[in-house]
Amino acid sequence: LMKTNFAKEHGYRCIHIFDWDDKDKVALLLKDRAPIHARKCKVKEISNKEAKEFLETYHLQGSTKQIRCAYGLYHEDELIQVITFGKPRYNKNYEYELLRLCTKSELTVVGGAQKLLKHFEKEVNPKSIISYCDLSKFNGEIYEKLGFTLASQTAPAKHWYNFKTKRHITDNLLRQRGFDQLHKANFGKGTSNEQLMLEHGYVEIYDCGQLVFTKEM
């Protein structure tokens, strides 16, 4: 986070690459993209299966399980951008969470995100939306264009990584399920999850936190 803030202060954008990242997908963030204007595209509601396949191919974090509705932007019958929504995972004070917004890696869709969101708002008429921006990769500029307001910034989150097994576990998942369940072990109650992680070759790595954006209708 200190590196990210220092870079921002001097006019740079810092992209952090962690051991568990798909480095090929991250590299695509830096490549030139061909522009396509959203006015030349059509919006269609797509199935969860179609959305997940697209997200697994192009989104840095892949797909999510909580998709309730998904829309795709098509250019000449080709799916080039996807947006998905679901029930908020972390803050129940909002009606919907914008889960994923993803564009085909070699393209930039001018006005695409705005067109997809506008279609969702017209179809569903949501009262409020919340979404999260990963500061290790992005700066949240797209949310301002979509009419969202920056609500808060979370503290850096802890991740666990084992360099031998290449296994990555978020601290949130560790708290939810515990070492025994995640590793099919039986150390029993009273043992420290963190101590067990350290003893089994995991190291602690912190990300940059997230920007939390909200939109009230």
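To be clear, the structure that these remarks concern was listed above.
This is a predicted model, so every value here is computed, not measured.

Visitor: Describe the nonpolar core, naming the residues involved and giving the relevant values.
Guide: In this structure, Y71, F85, L117, F120, I129 and F148 are the most contacted members of the largest nonpolar core, which totals 27 residues. Top element by residues in this core is helix α4 (residues 112–124). It accounts for four residues. Residue contacts for F85: discarding those within four places in its chain leaves Q66, I67, R68, C69, Y96, E97, L98, L99, L117, F120 and I129. One finds A51, F54, L55 and Y74 within the second-largest nonpolar core, a separate group that totals 11 residues.

Visitor: An account of the pattern of salt bridges is requested, with residue identities and associated values reported.
Guide: Evaluated as defined, the whole model comprises eight salt bridges. Between R175 and D171 there is a salt bridge, and its shortest N-O distance comes to 2.6 Å. Pair noted here: R175 and D171 are both in helix α6 (residues 171–183), with a separation of four residues, about one helical turn. When its relative accessible area of 57% is taken as the criterion, R175 is described as exposed. By relative accessible area, D171 is classed as buried at 10%. Salt bridges linked by common partners bring E78, K104 and E106 together as one network.

Visitor: An account of the sheet that holds strand β9 (residues 158–162) is needed here, citing residue identities and associated values.
Guide: A sheet is described by the order of its strands in space; here three strands give the open sequence β10-β9-β11, paired in antiparallel fashion. Of all strands in the sheet, those bounded by a partner on one side alone are β10 (167–170) and β11 (202–206). The mean inter-strand angle of the sheet, taken between neighbouring strand axes irrespective of direction, is 25 degrees. Note: β9 against β11, five bridges, orientation antiparallel. Counterpart to K158 in the pairing with β11 is Y206.

The rules we used
Residues numbered from 1 in each chain as written. Predicted model: local features only at pLDDT ≥ 70, side-chain atom pairs only at ≥ 80, totals over all residues. Heavy atoms only, no water. Core = buried A, V, L, I, M, F, W, Y, C linked by side-chain atoms within 4.5 Å. Buried < 20%, exposed > 50% of the residue type's maximum accessible area, 1.4 Å probe, protein only. Helix = DSSP H or I, 4+ residues; strand = E, 2+ residues; numbered from the N terminus. Contact = heavy atoms within 4.5 Å. Salt bridge = Lys/Arg side-chain N within 4 Å of Asp/Glu carboxyl O. Pairing = 2+ DSSP bridges. Axes fitted to C-alpha atoms, helices over the stretch in contact; angles between N-to-C directions.

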